[in-house]
Amino acid sequence: MATEPGSRERPKRSRPNINDVAKRAGVSRATASRVLGGYGYSSQEVIERVNQAVRELGYEPDRIARTMRSGKSDVIGFVCADISDAFFSAAMRGICDVALREGSQVIVMNTDDRASQEQQATKVLLSHKVDGIIITPISVREHGHIDAVTRAGVPVVSLDRQLSDAGIDSVVADNEAATTAAIDHLIALGHRRVAFLGSVQPEEPPALRIGKVRASVAGPSRPSLDRVRGYLRALSAAGLHPDRDLIALVPHGSEPKRRTQAVEAMLDIEDPPTALFTADSYMTKSAFSLLSERGIAIPDEISLLGFDDLEWTTLVRPRISVVVQPSYDMGRAAAEQLFAQIGRADATDGDGRGRRTVVPARFLERDSVAATART
């Protein structure tokens, strides 16, 4: 190869390997491998010499080889529906904090709420020999790909949703109780026309039945359904019969215009609500934007109470009263459960149902809710 006059080719520096470490430490290759692999006996003096050689050489062990020796990769996976969602971002922080404490790293896979991408994500994580997976499943009924992970001996924890009859640990918020408490608060302020607006998973929408005497909702347990159930429970306890015109369930992933139209329809009925309960952050944003555009004063003309505490809810005026879902704590709890499982033969509670950890949510009152003069 020709070079310019006066120039020199710099020799490529090869990465130090286990033989270099052994030579620097003055031990055999087998001894160096034993120390770095954490198996067998080595004197403290030898351990210190090997570790000193590692530091001096900047040696980085081959993760794949170490995984084959120890059976652990010190890596876990997190499969989430939408990493841009503040809930998942905060939950991921909780997961990463626990993983760091445990000496592990986290591979994050975003699925965009698509079943095909979720299935592919679990395959990729298995191919990386992760020690365990935390997943927020799109479907709580169709989970054959997740069952395949547990059959492979890899621990799994479901975050935010409980899989039906899968024997998998789960960490969820107490969505029903939190919603009931929020609606109770509105009713105590004199509101009798309380609207419920929420997003539902199109693959598993709740079946809402409102009769002349009683109302009910059926479907798999997931946040959207549990919040509807909490709403109906609060109305029933107060002796209020739900009005179907005051309930809007919009498919998750719909265009923002679809949510705005749902709010518009609610405001334009003959006997409009005096309070809006928006059961997710997407619906809260749509409701607040429309009310602002129409010049409807919050809370003087209508109260607004949302689910999920996002930064913007404190930056607008009035500040939005919300139900705080402890997403960071839920992420931490899921990671704690996962690391408790890792290395344990039996990941269930012994009856095939899996452990269910419920993290309480709380109501945070700000400025967007007030008593109503209309009954």
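Before reading on, note that the structure itself is shown above.
Here goes a summary of the coordinates provided. (Residues numbered from 1 in each chain as written. Predicted model: local features only at pLDDT ≥ 70, side-chain atom pairs only at ≥ 80, totals over all residues. Heavy atoms only, no water.)

Some remarks on the packing of aromatic side chains
Step number 1: Tallied over the entire structure, the rule returns five aromatic pairs.
Step number 2: Look at phenylalanine 196 and tyrosine 231: their rings are 5.2 Å apart centre to centre, the planes differ by 50°, and that puts the pair in the tilted class. Here the residue phenylalanine 196 occupies a position in strand β6 (residues 194-200), and tyrosine 231 occupies one in helix α9 (residues 223-237), the gap between them amounting to 35 residues.
Step number 3: Note on tyrosine 231: relative accessible area 0%, which makes it buried.
Step number 4: Centre to centre, the rings of phenylalanine 277 and phenylalanine 307 are 6.5 Å apart; their planes meet at 85°, and the pair counts as edge-to-face. Here phenylalanine 307 lies in strand β11 (residues 303-307) and phenylalanine 277 lies in strand β10 (residues 275-278), a separation of 30 residues in the sequence. Neither phenylalanine 277 nor phenylalanine 307 differs from the other in exposure class; each is buried. (Phe/Tyr/Trp six-rings, centres within 6.5 Å; stacked < 30°, edge-to-face > 60°. Helix = DSSP H or I, 4+ residues; strand = E, 2+ residues; numbered from the N terminus. Buried < 20%, exposed > 50% of the residue type's maximum accessible area, 1.4 Å probe, protein only.)

So, the sheet that holds strand β9 (residues 247-251)
Step number 1: Ordered by their spatial adjacency, six strands build an open sheet running β9-β6-β10-β11-β12-β14, and the pairing between neighbours is mixed. Where the open sheet ends on each side, the last strands, each with one partner, are β9 and β14 (362-364). Pairs of neighbouring strands in the sheet enclose a mean axial angle of 15°, with direction left out of account.
Step number 2: Pairing geometry for β6 and β10, over four bridges, is parallel. In the sheet register, alanine 195 faces β10, and the bridge partner there is leucine 276.
Step number 3: Relative to β11, helix α8 (residues 175-188) is tilted by about 170°, and along the sheet it contacts β6, β10, β11, β12 (321-324) and β14. (Pairing = 2+ DSSP bridges. Axes fitted to C-alpha atoms, helices over the stretch in contact; angles between N-to-C directions. Contact = heavy atoms within 4.5 Å.)

Observations concerning the packing of helix α1 (residues 18-25) against helix α3 (residues 44-57)
Step number 1: The interhelical angle for the contact between α1 and α3, taken along N-to-C directions, is 120°, at an axis separation of 8 Å. Judged by the angle between their axes, α1 and α3 are oblique. Where α1 crosses over α3, the handedness of that crossing is right-handed. Within the contact between the two elements, α1 uses Asp20, Val21, Arg24 and Ala25 and α3 uses Arg49, Val50, Ala53, Val54, Glu56 and Leu57.
Step number 2: Taken together, the residues of the contact of α1 with α3 break down into six nonpolar, no polar and four charged. (Parallel < 35°, antiparallel > 145°, perpendicular 65-115°, else oblique. Left-handed = near helix turned anticlockwise from the far one by under 90°. Nonpolar A, V, L, I, M, F, W, Y, C, P; charged D, E, K, R; others polar.)

Remarks on the sheet that holds strand β1 (residues 75-80)
Step number 1: One open sheet holds the six strands; their spatial order is β2-β1-β3-β4-β5-β13, and the pairing between them is parallel. Whereas interior strands pair on both sides, the edge strands pair on one side only; in this sheet they are β2 (105-110) and β13 (356-359). Each strand of the sheet is rotated relative to its neighbour by a mean of 20°, with strand direction disregarded.
Step number 2: Two strands pair when backbone bridges link them, and strand β3 (residues 132-135) and strand β4 (residues 156-159) are joined in this way by three bridges, in the parallel orientation. Among the inter-strand pairings, isoleucine 133 is bridged to a residue of β4, identified as valine 156.
Step number 3: On top of the sheet, helix α6 (residues 115-127) reaches β1, β2 and β3; it is set at about 155° to β2, its chief contact.

These values are about where atoms sit, not about what they do.
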